[in-house]
Amino acid sequence: MKILGYESSCDETGVAVVCTEQGLIAHGLHSQIAMHRAFGGVVPELASRDHIRRVLPLTQQVLADAGMTLDDIDAIAYTAGPGLNGALLVGASFANALAWARGIPTIPIHHLEGHLLSPLLAQPAPTFPFVALLVSGGHTQIMQVDGVGQYRLLGETLDDAAGEAFDKSAKLLGLSYPGGPALAALAQKGDPERIALPRPMVHSGDLDFSFSGLKTAVLTALRKMEKDQGQVTPQDHADLAAATQAAIVDVLAIKSLRALKQSGLKRLVVAGGVGANQRLRDHLLSETRRMGAQVYFPPVSLCTDNGAMIAFAAAQRVKAGIQHPEMDPSFKVRPRWDLEDVAS
């Protein structure tokens, strides 16, 4: 079965073709970063309008790259949630209209399930069961994954997500949108040991997270520098960026390794945009090797939101017999949607 997949939950328009037998055939992605940078963050209305402009040309491009036409497509998958309501509606409307016009079924997919299964596109790919660290946008969760559709929440953030901690700290440092990659780049020039920042909830004994206090600690450190030195130098900014990144990575790693120990599993999967952070990758590779476990990441190009993960998740659900494509002209999107609700 060949599945055409659409992702439009936030500020990336993603389209891909996945075959249940061959895997990923082609995918394309348009990022709206340049458009939103002037506003310091995502403007939902502008995001929705840009999805409308991009979805058809991107579909044509991906089909051409795959050497296919719509006649070769057996089903269409789309992100049904969670995400921005207007942005979700663009992708869902286009996917369902196209499917209805072609007389083929649709498959609604949970955005986070797409991220969760995306490391299966890597080589080597993990096998079930595994512990998953989901660090995508406003989500930071640890899940136990026993199979496709078999997800159990082990821990999650109580306030800000890791990605939000990166972005908000970057804004305090005067860095441009998107803050996470900008902070990581600046951190390469800094000393992570110079400025002491807290590691929230690492001694809580559970697998939950909290990052709002870290943002406050970054602000406090900046104000202290201004008071003590009279000014904050570029090197001060670099050192604080390095310390912030180190604190976030330490917390994510400590909780992830604790989840492996508590579950008795030996495989850790990291998915979502923060999974592209090189310090996080290096640290987890080192620590899992030390404890005799393995860690898996999706390809860096598939860490951000993309159509490949949506089409692939649909293919996995169909292959597992969990979800069957349906022809239904009515559809809905779910801006808020718990991942455990999609369990088989």
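Residues numbered from 1 in each chain as written. Predicted model: local features only at pLDDT ≥ 70, side-chain atom pairs only at ≥ 80, totals over all residues. Heavy atoms only, no water.

## Regarding the overall build of the chain
Point 1. Along its length, the chain carries ten helices and ten strands.
Point 2. The globule rule puts the C-alpha radius of gyration for 344 residues at 20 Å, and the 20 Å found for the chain is close to it.
Point 3. Counting only C-alpha atoms and orienting by the principal axes, one finds that the chain spans roughly 70 × 45 × 30 Å.
Point 4. Burial statistics for the chain: of 344 residues in total, 54% are counted as buried.
Point 5. Long-range pairs, those at least 24 residues apart, make up 72% of the contacts in the chain between residues at least 6 apart in sequence.
Point 6. Total accessible area on the chain is roughly 14500 Å²; 51% of this is exposed by carbon and sulfur atoms. (Helix = DSSP H or I, 4+ residues; strand = E, 2+ residues; numbered from the N terminus. Rg over C-alpha atoms; globule rule 2.2 N^0.38 Å. Buried < 20%, exposed > 50% of the residue type's maximum accessible area, 1.4 Å probe, protein only. Contact = heavy atoms within 4.5 Å. Areas by Shrake-Rupley, 256 points an atom, 1.4 Å probe, with all protein chains shown as cover.)

## Details of the UniProt feature "binding site: substrate" (unreviewed entry) in the chain
Point 1. Per the UniProt entry, the sites bearing "binding site: substrate" (unreviewed entry) are Leu 134, Val 135, Ser 136, Gly 137, Gly 138, Asp 167, Gly 180 and Asn 277 in this numbering.
Point 2. Excluding anything up to four places from it in sequence, Gly 137 contacts Ala 161, Gly 163 and Glu 164.
Point 3. Those residues in contact with Gly 138 that sit more than four places away from it in its chain are Ala 161 and Glu 164. (UniProt positions renumbered as here; feature names shortened; annotations may be inferred.)

## Observations regarding the packing of aromatic side chains
Point 1. By the definition in use, this model includes three aromatic pairs.
Point 2. Aromatic side chains Tyr 6 and Phe 94 sit 5.5 Å apart centroid to centroid with 70° between the ring planes, which places their arrangement in the edge-to-face category. Residue Tyr 6 is found in strand 1 (residues 2–7), and its partner Phe 94 is found in helix 3 (residues 85–102); the two are separated by 88 residues along the sequence.
Point 3. Looking at Tyr 6, the relative accessible area reads 2%, which means it is buried.
Point 4. Summarising the aromatic geometry, the rings of Phe 128 and Phe 130 are spaced 5.4 Å apart at their centres and angled 20° between planes, so their arrangement reads as stacked.
Point 5. By relative accessible area, which is 30% here, Phe 128 ends up partly exposed. (Phe/Tyr/Trp six-rings, centres within 6.5 Å; stacked < 30°, edge-to-face > 60°.)

## Things to note about the packing of helix 8 (residues 234–263) against helix 9 (residues 278–290)
Point 1. Closest axis-to-axis distance for the helix 8/helix 9 pair is 10 Å, and the angle between their directions is 35°. The handedness of the crossing between helix 8 and helix 9 is right-handed. Contact residues: Gln 245, Ala 246, Val 249, Asp 250, Leu 252, Ala 253, Leu 257 and Leu 260 in helix 8; Arg 279, Leu 280, His 283, Leu 284, Glu 287 and Thr 288 in helix 9. (Axes fitted to C-alpha atoms, helices over the stretch in contact; angles between N-to-C directions. Left-handed = near helix turned anticlockwise from the far one by under 90°.)

## Remarks on the pairing of strand 7 (residues 139–147)
Remember that side chains alternate between the two faces of the sheet whenever the strand is regular.
Point 1. Burial of strand 7 is extensive: seven of the nine residues sit out of reach of the surface.
Point 2. Pairing analysis gives seven bridges linking strand 6 (residues 130–136) to strand 7, with the strands arranged antiparallel. Residue pairing for strand 7: Ala 132 is matched across the bridge by Met 143.
Point 3. Hairpin connection between strand 6 and strand 7: a loop of two residues separates the two successive antiparallel strands, and Gly 137 in this loop has a positive phi of roughly 55°.
Point 4. Turn length for the strand 7-strand 8 (residues 150–156) hairpin, with the two strands adjacent in sequence and antiparallel, is two residues, and the turn residue Gly 149 shows positive phi of about 80°. (Pairing = 2+ DSSP bridges.)

## A look at the sheet that holds strand 6
Point 1. Strand order in the open sheet made by the five strands is 8-7-6-9-10, with mixed pairing throughout. The sheet is open, and its two borders are formed by strand 8 and strand 10 (294–296), each paired with just one other strand. Put simply, the sheet's adjacent strands are angled 25° from each other on average, direction ignored.

## Regarding the environment of Asp 71
Point 1. Residue placement: Asp 71 occurs in the loop between helix 2 (44–66) and strand 4 (75–81).
Point 2. For the pair Asp 71 and Arg 102, spaced 31 residues apart in the sequence, the C-alpha separation amounts to 8.0 Å.

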